[in-house]
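Spelled out, the chains give:
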Amino acid sequence: MPNKFDVVVIGGGPAGYVCAIRAAQLGLKTACIEKWTGDKGKPQLGGTCLNVGCIPSKALLDSSHKFHEAEADFKQHGIEHSGVKLDVPAMIARKNKIVAKLCMGVESLFKANGVTLLHGMGKVLAGKQVELTRNDGSVETFDAENIVIATGSTPVEIPPTPLTDDIIVDSTGALEFQEVPERLGVIGAGVIGLELGSVWARVGSKVTVLEAQDAFLAAADQQVAKEALKIFKKQKLDIRMGARVVGSDVANGEVAVRYTTADSEEEQSVTFDKLIVAVGRRPYTEGLLEPGCGVNLDERGFIFVDEQCRTDVPGVFAIGDVVRGPMLAHKGSEEGVMVAELIKEKTAQVNYDLIPSVIYTHPEVAWVGQTEEEVKASGESYKVGTFPFAAIGRALAANDTDGIVKVIAHEETDRILGVHVVGPSAAEIVQQGVIAMEFGSSTEDLQLTMFAHPTLSEALHEAVLAVDGHAIHMPNRKPRGKK
Ligand code: FAD
Ligand code: AMP
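Residues numbered from 1 in each chain as written. Chains lettered and ligands numbered in written order. Predicted model: local features only at pLDDT ≥ 70, side-chain atom pairs only at ≥ 80, totals over all residues. Heavy atoms only, no water.

Chemist: Got a minute to help me understand the layout of surface pockets in this structure?
Modeler: Where empty space is left in the structure can be found by rolling a water-sized probe over the atoms. The computed volume of the second largest pocket comes to approximately 570 Å³. Lining the second largest pocket we find 22 residues, and of these His68, Asp73, Gln235, His362 and Asp402 sit closest to its centre. For the lining of the second largest pocket, the elements supplying multiple residues, two or more each, are helix H3 (54-73), helix H6 (191-202) and helix H7 (222-234). In terms of residue count, the dominant contributor to the lining of the second largest pocket is H3 (six residues). Class assignment for the residues of the lining of the second largest pocket results in six nonpolar, nine polar and seven charged. (1 Å grid on protein atoms, 1.4 Å probe; cavity = no way out; pocket = protein on both sides within 12 Å on 5 of 7 lines; lining within 4 Å. Points joined across faces, edges and corners; volume = space filled by probe spheres on them. Helix = DSSP H or I, 4+ residues; strand = E, 2+ residues; numbered from the N terminus. Nonpolar A, V, L, I, M, F, W, Y, C, P; charged D, E, K, R; others polar.)

Chemist: Looking at this model, I keep getting lost on the sheet that holds strand S20 (residues 382-388). Mind explaining?
Modeler: Two modes of strand pairing occur in sheets, parallel and antiparallel, and in both the strands are linked by backbone hydrogen bonds. In spatial order, the strands read S18-S19-S22-S21-S20; together these five strands make up an open sheet with antiparallel pairing. Of all strands in the sheet, those with a lone pairing partner are strand S18 (357-359) and S20, marking the two edges. Adjacent strand axes in the sheet meet at a mean angle of 10 degrees, parallel and antiparallel pairs treated alike. Alignment of strand S21 (residues 404-410) against strand S22 (residues 416-423), held across six bridges, turns out to be antiparallel. By the bridge assignment for S22, alanine 409 is matched with isoleucine 416. (Pairing = 2+ DSSP bridges. Axes fitted to C-alpha atoms, helices over the stretch in contact; angles between N-to-C directions.)

Chemist: Teacher, can you tell me more about the site of ligand 2 here?
Modeler: What surrounds ligand 2 is a group of 15 residues, the closest being Gly188, Glu211, Ala212, Ala243 and Val245. Take glutamate 211: an N or O atom from its side chain is 2.6 Å from an oxygen atom of ligand 2. The fraction of the free accessible surface of ligand 2 (500 Å²) that becomes covered by protein chains is 73%. Elements supplying a minimum of two residues to the shell around ligand 2: strand S10 (206-211) and strand S12 (244-251). Residue composition of the shell around ligand 2, grouped by class: nine nonpolar, four polar and two charged. (Near = heavy atom within 4 Å. Polar contact = N/O pair within 3.5 Å; in protein donor to acceptor, adjacent residues only side chain to side chain. Areas by Shrake-Rupley, 256 points an atom, 1.4 Å probe, with all protein chains shown as cover.)

Chemist: Got a minute to help me understand the domain arrangement of the protein in this structure?
Modeler: It is common to report an interface's size as the accessible area lost on association of the parts. Partitioning the protein into domains gives domain 1 (4-155 + 282-343), domain 2 (168-279) and domain 3 (363-482). The centre of domain 1, based on its C-alpha atoms, is set 28 Å off from the matching centre of domain 2. At the junction of the two partners, domain 1 supplies 19 residues and domain 2 supplies 16 residues. Across the domain 1/domain 2 interface, buried area totals approximately 1400 Å², and carbon plus sulfur atoms make up 66% of it. Viewed at the interface, domain 2 and domain 1 are joined by two salt bridges. In this structure, glutamate 195 engages lysine 58 in a salt bridge whose closest nitrogen and oxygen atoms are separated by 2.8 Å. (Domains from an automatic or database assignment. Contact = heavy atoms within 4.5 Å. Buried area = accessible area lost by both parts, 1.4 Å probe. Salt bridge = Lys/Arg side-chain N within 4 Å of Asp/Glu carboxyl O.)

Chemist: Whenever I open this one, the side chain of aspartate 170 confuses me. Can you help?
Modeler: Summarising the element assignment, aspartate 170 is placed in the loop between strand S8 (168-169) and helix H5 (171-174). Despite its burial, aspartate 170 pairs with no opposite charge; the closest candidate is arginine 281, at 7.0 Å N-O. Other than its neighbours up to four places away in sequence, aspartate 170 contacts Pro155, Leu163, Ile276 and Val277. (Buried < 20%, exposed > 50% of the residue type's maximum accessible area, 1.4 Å probe, protein only. Lys, Arg positive; Asp, Glu negative; His and termini not counted.)

Chemist: When you look at the nonpolar core in this model, what are you seeing that I'm missing?
Modeler: Nonpolar side chains in soluble globular proteins tend to be buried together. Core analysis: the biggest nonpolar cluster contains 38 residues, and Trp200, Phe216, Ile239, Ile276 and Val365 have the highest contact counts within it. Breaking this core down by element, the ones donating at least two residues are H3, helix H4 (88-113), strand S9 (183-187), H6, S10, H7 and strand S19 (364-369). The element contributing the most residues to this core is H7, with six residues. Excluding residues within four positions of it along the chain, isoleucine 239 makes contact with Ala189, Leu194, Val209, Phe216, Leu229, Phe232 and Lys233. Within the second largest apolar cluster, 33 residues are counted, among which are Val18, Ile21, Leu28 and Val350. (Core = buried A, V, L, I, M, F, W, Y, C linked by side-chain atoms within 4.5 Å.)

Chemist: Just to check I follow, could you spell out H4 for this structure?
Modeler: Side chains that are three or four residues apart share a direction in an α-helix, a result of its 3.6 residues per turn. Between its first and last C-alpha, H4 extends 38 Å over 26 residues, near the 38 Å set by a 1.5 Å rise per residue. Listed in full, the buried residues belonging to H4 are Val88, Met91, Ile92, Lys95, Val99, Cys103, Val106, Glu107 and Phe110. Looking at the buried residues of H4, the elements they touch are helix H1 (14-25), strand S2 (30-34), helix H2 (47-52), H3, strand S3 (116-119) and H6. Following H4 by one or two positions, glycine 114 has its phi on the positive side, about 75 degrees. (Expected span 1.5 Å × (residues − 1).)

Chemist: Explain the pairing of S21 to me, please; I cannot follow it from the model alone.
Modeler: Note on strand geometry: in a regular strand, side chains alternate between the two faces of the sheet. Counting buried positions along S21 gives seven out of seven residues, so the element sits mostly inside the fold. Here S21 shows no split at all, with Ile404, Lys406, Ile408 and His410 on one side and Val405, Val407 and Ala409 on the other all buried. Counted along the chain from S21 to the antiparallel partner S22, the turn is five residues long, and its residue aspartate 414 has a positive phi close to 70 degrees.

Chemist: I keep staring at the site of ligand 1 and nothing clicks. Help me out?
Modeler: Near ligand 1 lie 38 residues; those nearest to it are Glu34, Thr48, Lys58, Gly122 and Ala329. Alanine 15 has a polar backbone atom sitting 3.0 Å from an oxygen atom of ligand 1. Methionine 327 has a polar backbone atom sitting 3.3 Å from an oxygen atom of ligand 1. Broken down by secondary-structure element, the contributors of at least two residues to the shell around ligand 1 are H1, S2, H2, H3, strand S4 (121-125) and helix H8 (329-345). The greatest single-element share of the shell around ligand 1, amounting to four residues, is contributed by H2. Here the residues of the shell around ligand 1 sort into 17 nonpolar, 16 polar and five charged.

Encoded structure:
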């Protein structure tokens, strides 16, 4: 039956496309519905992550980092040049090429694995049926043994700063600037605001970040967050904490943004050439659920699911940004694999305690597991080791010495509870922590592990040694350990 599938996935982002591929690998007859339309009117897979999220932002972060290094760091290495110039349209075009290549790659993977790609808007009907509305308005209905909803998320808009065509933009607009804005405002000092602010600051924008909360990176370990804030301020990012944006006026090609702070009765104002609104994302479920289909939302608008991504309807699952948990590509992909395996094998799970978080600024900020604040609140006894990159030979060689590694472990069992890093290659170092923690490592396990010299990873080795007061390349503040 051509209109009957074992699995119909709605949404072809990193949650949905990974789920579809894994389901097909397991021998399930699988279709994926995607509404995104590319340049030539064809469906475009990859979702937010590949098209307007993880990948394009990293492409611009890498380009802008190279520019900044050439401008600011080359001299220290003895490299003289007669001035570097930035071609913004060429930088954006390179980014677009990478996006196109990766999206086409996913399409090829669908072909190779036998996943049927359906282009249009998917809707969940009652009785495990899915309705597809194509761009030309034609409608077709499919029967599905299992439905997987992976419709992702969309940027939050706030009434004080309605988006305009070219001055007030969201994260998607900020990936398309064709010139460097002289004065750039960013609302929200979250992951996206900091990454996009960094891109444009490195190539010459004067960047001001307005953040309503008082605590910088409230979800991160606060010692690491404070260190990161110090570093970003040194980079001339003007980050104003406790600044709640309440209004804006666009006139003469600029925007005046009004905000309040706790220490002043009067509204403050600051004027920008461009403003990026990066105040978070919300689950995307528009037009997705036919009333009476049985799938429910929670009080925050996410599709309600259990630990294994089952909705209230047997055989209907939901994964990725559209369900609870951090809005991260790797979290969605792992849920996609879990659901495909649950459908086929009936047992599978995701370890939600070990989802790594990364902010791809320079230096990066990354962490996994519990923060010191969380461990303290849990009442468990714990020990901490920190180590600065300033004492790591490889960091000095690279002229990249800002930041620290912090490891938190259980006082009695020695089991690692959290790894928190601000510094060069923080994401890669934290990934080592993820692997260690997934295997239930103690700090002693990592203390006894040999780390190649000279590497940035040695900062992790020294930090786990510091947990027991025997780091080698710095004086230990704690009394020497018993071991
Ligand atoms: P999405 O990627 O949003 O995909 C959902 C797909 O479903 C879309 O293609 C959409 O068109 C389609 N769709 C929606 N409704 C329907 C429908 N009814 N019918 C058919 N199709 C539909 N995460 C990281 O882990 N690392 C990063 O570095 C990172 N950087 C980011 C940078 C930016 C600027 C942004 C905006 C996000 C970033 N993220 C990052 C977050 C990441 O992009 C998301 O967590 C991830 O894309 C979520 O995957 P998803 O598959 O759940 O949803
Ligand atoms: P994230 O959810 O990590 O992307 O971060 C978004 C950030 O935007 C949060 O830290 C919010 O506190 C912040 N934010 C939301 N609304 C406003 C506002 N009106 N003014 C300033 N910051 C805001």
